[in-house]
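# Tertiary structure, described
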Amino acid sequence: MKILVLSGSPRGKSGNTYRLMDSAVRGAQDAGAETVFIDITKKEINYCTGCSTCYSTGKCIHEDDYEEILALILESDGIILGSPVYINSVTAQLKTLFDRMPDAVHCQMLAGKYGFSISTAGGSNADLVCDYMNETLRFMGVSTTGEVYAVMAEDDNAFNEACNNAYELGKDLVAAISEKRVYPEQDIIHGEMHDRMKNIVLSNKNNWSHEFDYWKKKGWL
Ligand SMILES: Cc1cc2nc3c(=O)[nH]c(=O)nc-3n(C[C@H](O)[C@H](O)[C@H](O)COP(=O)(O)O)c2cc1C
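Because the structure is predicted, anything quoted here is derived from the model rather than measured. (Residues numbered from 1 in each chain as written. Predicted model: local features only at pLDDT ≥ 70, side-chain atom pairs only at ≥ 80, totals over all residues. Heavy atoms only, no water.)

Under the definition given, this model contains eight salt bridges. A salt bridge links Asp-39 to Lys-42, with the nearest nitrogen and oxygen atoms 3.2 Å apart. Linking Asp-64 and Arg-100 is a salt bridge whose minimum nitrogen-to-oxygen distance equals 2.8 Å. In this pair, Asp-64 is assigned in the loop between helix H2 (53-57) and helix H3 (66-75) and Arg-100 in the loop between helix H4 (92-99) and helix H5 (102-106), connecting sequence segments 36 residues apart. Each member of the pair, Asp-64 as well as Arg-100, is classed as buried. (Salt bridge = Lys/Arg side-chain N within 4 Å of Asp/Glu carboxyl O. Helix = DSSP H or I, 4+ residues; strand = E, 2+ residues; numbered from the N terminus. Buried < 20%, exposed > 50% of the residue type's maximum accessible area, 1.4 Å probe, protein only.)

The next point concerns the environment of Tyr-47. Here Tyr-47 is to be found in the loop between strand E2 (34-39) and H2. For Tyr-47, a relative accessible area of 63% gives the class exposed. Separated by 102 residues in the primary sequence, Tyr-47 and Tyr-149 have C-alpha atoms spaced 27 Å apart. Every residue in contact with Tyr-47, bar those within four places of it in the chain, is listed here: His-62, Thr-96 and Arg-100. (Contact = heavy atoms within 4.5 Å.)

Our focus in this paragraph is the site of the ligand. Around the ligand there are 16 residues in total, and Arg-11, Thr-17, Val-85, Thr-120 and Gly-123 lie nearest to it. Gly-122 is positioned with one of its backbone polar atoms (N or O) 3.1 Å from a nitrogen atom of the ligand. Protein coverage of the free-state accessible area of the ligand, which is 640 Å², stands at 71%. Of all elements in the fold, only helix H1 (16-30) and strand E4 (114-121) reach the threshold of two or more residues within the shell around the ligand. A per-class count over the shell around the ligand returns six nonpolar, nine polar and one charged. (Near = heavy atom within 4 Å. Polar contact = N/O pair within 3.5 Å; in protein donor to acceptor, adjacent residues only side chain to side chain. Areas by Shrake-Rupley, 256 points an atom, 1.4 Å probe, with all protein chains shown as cover. Nonpolar A, V, L, I, M, F, W, Y, C, P; charged D, E, K, R; others polar.)

This part is about the side chain of Gln-186. The topology assignment puts Gln-186 in helix H8 (residues 184-203). Residues within four places of Gln-186 in sequence aside, it is in contact with Arg-138, Val-142, Ser-143 and Thr-144.

What follows is about helix H9 (residues 209-218). Every buried residue belonging to H9 is among His-210, Glu-211, Phe-212 and Trp-215, and all of these are buried. Elements that come into contact with the buried residues of H9 comprise H2, H5 and H8. Gly-219, located one to two residues past H9, shows a positive phi value of around 80°.

Once that is clear, we can look at the packing of H4 against helix H6 (residues 126-139). Two measures define how a pair of helices packs: the angle their axes make with one another and the distance between the axes. The geometry of H4 relative to H6 is characterised by a closest axis approach of 12 Å and an angle of 15° between their N-to-C directions. In terms of axis orientation, H4 runs roughly parallel to H6. In this structure, the crossing between H4 and H6 has a hand that is left-handed. Residue-level inspection shows Leu-94, Lys-95 and Phe-98 of H4 in contact with H6, the latter providing Tyr-132, Met-133 and Thr-136. For the contact of H4 with H6, the class distribution of residues is four nonpolar, one polar and one charged. (Axes fitted to C-alpha atoms, helices over the stretch in contact; angles between N-to-C directions. Parallel < 35°, antiparallel > 145°, perpendicular 65-115°, else oblique. Left-handed = near helix turned anticlockwise from the far one by under 90°.)

A few words on the environment of Glu-75. As for its placement among the helices and strands, Glu-75 is situated in helix H3. Overall, the relative accessible area of 45% leaves Glu-75 in the partly exposed class.

All right, on to the side chain of His-106 then. Among the secondary structure elements, His-106 is positioned in helix H5. Given the relative accessible area of 9%, His-106 is considered buried. Look past the residues within four positions of His-106 in its chain and what remains in contact with it is Tyr-55, Met-197, Ile-200, Val-201, Trp-208, Glu-211 and Trp-215.

Read from one edge of the open sheet, five strands run E2-E1-E3-E4-E5, paired in parallel fashion. Two strands in the sheet have a free side with no partner beyond their single neighbour: E2 and strand E5 (143-151). When the angles between neighbouring strand axes are averaged without regard to direction, this sheet yields 15°. Here five bridges tie strand E1 (residues 2-7) to strand E3 (residues 78-84), and the two strands are oriented parallel to one another. Considered in E3, the bridge of Leu-6 is made with Leu-81. Across the sheet, helix H7 (residues 156-178) touches E1, E3, E4 and E5, and the angle it forms with E5 is around 170°. (Pairing = 2+ DSSP bridges.)

Below, the structure written as structure tokens:
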């Protein structure tokens, strides 16, 4: 079982977010998973230009590290996202990665995977940033198993508790994948997304041939 950890913290391994992510990684490893950690802030990921080339060809116009990261995402069973709060949102680096993934959304490429999100903030909104990252995962078809965050202005006990929770969530992610855990409320969301994306792909089938072919091959049309 492979768990991919994508870090959007520019402070890397000396950052607060890394400490929570590391706890989650240890939890997943102790439960038997293989983990791969990618610091996306050290990768070259260019901005989406909105050209729609990926919809029609499955390839981006940029030649950078995105393809390698997408391949890692697609071969993983579980995904852990981590980002500090930067002005009430994820870091620009993580958002830039998300923005490169509309083809993955249209094709619901991450359907069947599980994941969760981690955030730290100086003072506030780490919960909202976790919610946003989890919503983004679900947008692509992932079932989310929880979230863990810490506000650095709080005391050390709160941070240590968050580390423990991250460890437990890491372990629980492995359990969710093993047992193919069902989240009935999320299945409704996935079903609605599937129908929405199907309509988009069908309405654009003459222009977005890659997406139409992808859906056909999946047996979804
Ligand atoms: C550019 C920037 C923007 C930030 N914006 C916020 C913010 O909006 N709200 C907040 O509570 N903390 C904010 N912070 C503080 C970080 O979220 C906090 O220190 C976090 O733990 C850093 O994580 P890291 O050590 O993994 O980089 C900001 C920090 C930076 C550098």
